[in-house]
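The residues making up each chain are set out below.
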Amino acid sequence: VAQDDDPPPSLETLADELVAAGVPGVLVHLRDADDVGAFGRGDASADDRFRVGSVTQTMVAALALTLADAGALALDDPVSRHVPGLLRDGDRITVRSLLAHTAGLYDYTYDRALLNGELPPRALVAIADRRARSEGYAYSSTNYLALGLVLEAAGGAPIAELLRRHVFAPYGLEDTTFETGRVSGDYLHGNERASRDGIATGGLRDTHGRTARSAWAAGAVVSTATDLD
């Protein structure tokens, strides 16, 4: 039992313990004011690239605000103004409600077949559009698929190009890319265990062969800890 006056274990020690327990790799990037420390253990090193998942949505939100500042769209524009027919109530759902996860759209990631499939964003939004709407705040990746389609229409370019032009390049994110297929170059592979009834079974399985096509504007960015910082 740790005592109050026992020194806490170092981050390096904790990372080593995680790797010893079976985690393939640990990457730590810690900022304390202007003091930055970074290291990796196991299969990870401090400058490795990796898929950032839903942090993608932060970058897409920044893109939406940038296009709004430029006058390409307004946050209170209805979705139907930019992508007619995308949503059955697109005249009521706004850019702002997509950004804030208050549009009530069913989250397609609840359906594992859709999450791991190859359906394009518009098809996934169409499936979710047929479901009942929720009320108030409800986190849903479908919001950012719909938002990505709106931004492409308003910005006049693919979402990958819009992110590169308005977010990655201006903010100096030199190692950050938007990749829906397999990641180009070296990067940290994801791993998962098979599960039954929510309980993990078996060993770790490399997910390198899985694409991020269904994640798209909700989760297809690849970056580094330094760029995220």
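Look up a bit, the structure's there.
Residues numbered from 1 in each chain as written. Predicted model: local features only at pLDDT ≥ 70, side-chain atom pairs only at ≥ 80, totals over all residues. Heavy atoms only, no water.

### Considering the overall build of the protein
For clarity, the threshold we go by: For the purposes of this entry, the term helix denotes a DSSP run of H or I that reaches at least four residues, the term strand denotes a run of E that reaches at least two, and both are numbered from the N terminus. A simple rule labels every residue: compare its accessible area, found with a 1.4 Å probe on the protein chains alone, to the largest value its type can have, and call it buried under 20%, exposed over 50%, or partly exposed in between. Note on contacts: a residue pair is in contact if any heavy atoms of the two residues lie within 4.5 Å. A 1.4 Å probe and the Shrake-Rupley method give the accessible areas. Residues count as covered only by the protein chains that appear here.
Along the protein, the regular secondary structure elements total nine helices and seven strands. The C-alpha extent of the protein, read off along each of the three principal axes, is 60 × 45 × 40 Å. Taking all 229 residues of the protein together, the buried fraction comes to 40%. Taking the contacts inside the protein whose residues are at least 6 apart along the sequence as the reference set, 65% of them involve residues at least 24 apart. Total accessible area on the protein stands at roughly 12300 Å², and carbon and sulfur atoms take up 51% of it.

### A few points about the layout of surface pockets
Threshold: Residues are called lining when one of their atoms sits within 4 Å of a cavity or pocket point, these points coming from a 1 Å grid over the protein atoms alone, where a cavity is a set in which a 1.4 Å probe fits but cannot get out and a pocket is an open set with protein on both sides within 12 Å along at least five of seven lines. Grid points are joined across faces, edges and corners, and a volume is the space filled by probe spheres set on the points. Side-chain classes are defined by residue name, with Ala, Val, Leu, Ile, Met, Phe, Trp, Tyr, Cys and Pro counting as nonpolar, Asp, Glu, Lys and Arg as charged, and the others, Gly among them, as polar.
In this structure, the largest pocket spans a volume of roughly 530 Å³. Lining the largest pocket are 24 residues, with Arg51, Thr211, Ala212, Ala215 and Gly219 positioned closest to its centre. In terms of residue class, the lining of the largest pocket is made up of eight nonpolar, twelve polar and four charged. By volume, the second largest pocket amounts to about 210 Å³.

### Some details on the sheet that holds strand S3 (residues 49-51)
Put simply, the test is: Two strands qualify as a pair provided DSSP detects at least 2 bridges between them.
Strands sit in the order S3-S7-S4 across an open sheet of three strands; the sheet is antiparallel. Edge positions in the sheet fall to S3 and strand S4 (177-178), since each of these pairs with one other strand and no more. Bridge count for S3 against strand S7 (residues 221-224) is three bridges, and the pairing is antiparallel. Opposite Arg49, over in S7, you have Thr224 as the bridge partner.

### Looking at helix H7 (residues 142-155)
Stated precisely, the cut-off is as follows: In this scheme, a helix's expected span is set at 1.5 Å multiplied by one less than its residue total.
Its 14 residues give H7 an end-to-end C-alpha distance of 20 Å, which sits within 8% of 20 Å, the value for a rise of 1.5 Å per residue. Burial runs high along H7: eleven of the 14 residues are buried. Of the surrounding secondary structure, the elements contacted by the buried residues of H7 are helix H2 (56-69), helix H3 (79-82), helix H4 (95-99), helix H6 (121-129) and helix H8 (159-168).

### Quick word on the nonpolar core
Our working rule: Each nonpolar core is a collection of buried residues, namely Ala, Val, Leu, Ile, Met, Phe, Trp, Tyr and Cys, held together in the definition by side-chain atoms within 4.5 Å.
Leu151 and Leu163 are the most contacted members of the largest nonpolar core, which has 47 residues in total. Of the residues forming this core, the biggest block, eight residues, is contributed by H7. Excluding its chain neighbours within four sequence positions, the residues that come into contact with Leu163 are Met59, Val60, Leu63, Phe168 and Phe178.

### Focus: the packing of aromatic side chains
Test applied: Working definition: a ring pair exists when centres of Phe, Tyr or Trp rings (six-membered ring for Trp) sit within 6.5 Å. Plane angles under 30 degrees give stacked, over 60 give edge-to-face, the rest tilted. Lysine NZ or arginine CZ positioned within 6 Å of the ring centre and within 35 degrees of the ring normal marks a charge as sitting over the ring.
Scanning the model with the defined rule gives one aromatic pair in all. Where Tyr106 meets Tyr110, the ring centres are 5.9 Å apart and the plane angle is 75°; that geometry is what we call edge-to-face. A cation over a ring is seen here: Arg131 above Tyr106, with NZ or CZ 4.0 Å from the ring centre.

### Let's talk about the pattern of salt bridges
Spelled out, the test is: Should a side-chain nitrogen of Lys or Arg be within 4 Å of a carboxyl oxygen of Asp or Glu, the pair is scored as a salt bridge.
All chains considered together, the criterion is met by 14 salt bridges. The partner of Asp76 in a salt bridge is Arg96, with the nearest N and O atoms 2.9 Å apart. On the criterion of sequence distance, the pair formed by Asp76 in the loop between H2 and H3 and Arg96 in helix H4 is long-range, its members being 20 residues apart. On the accessibility criterion, Arg96 (41% relative accessible area) is partly exposed. For Asp77, the salt bridge is made with Arg81, and the minimal N-O distance between the two is 2.7 Å.

### Points about the side chain of Asp89
We count it as follows: Any pair of nitrogen or oxygen atoms within 3.5 Å is treated as a polar contact; in protein, a donor-acceptor pairing is required on top of that, and neighbouring residues in sequence qualify only through side-chain atoms on both sides.
With respect to the helices and strands, the residue Asp89 is situated in the loop between H3 and H4. Within the local environment of Asp89, its side chain forms a polar contact with the side chain of Arg92, the two groups lying 2.7 Å apart. Of the polar contacts made by the side chain of Asp89, one reaches the side chain of Arg133; its length is 2.7 Å. When sequence neighbours within four positions are dropped, the list of residues in contact with Asp89 reads Asp129 and Arg133.

Everything listed here is a matter of geometry and, on its own, says nothing about what the molecule does.
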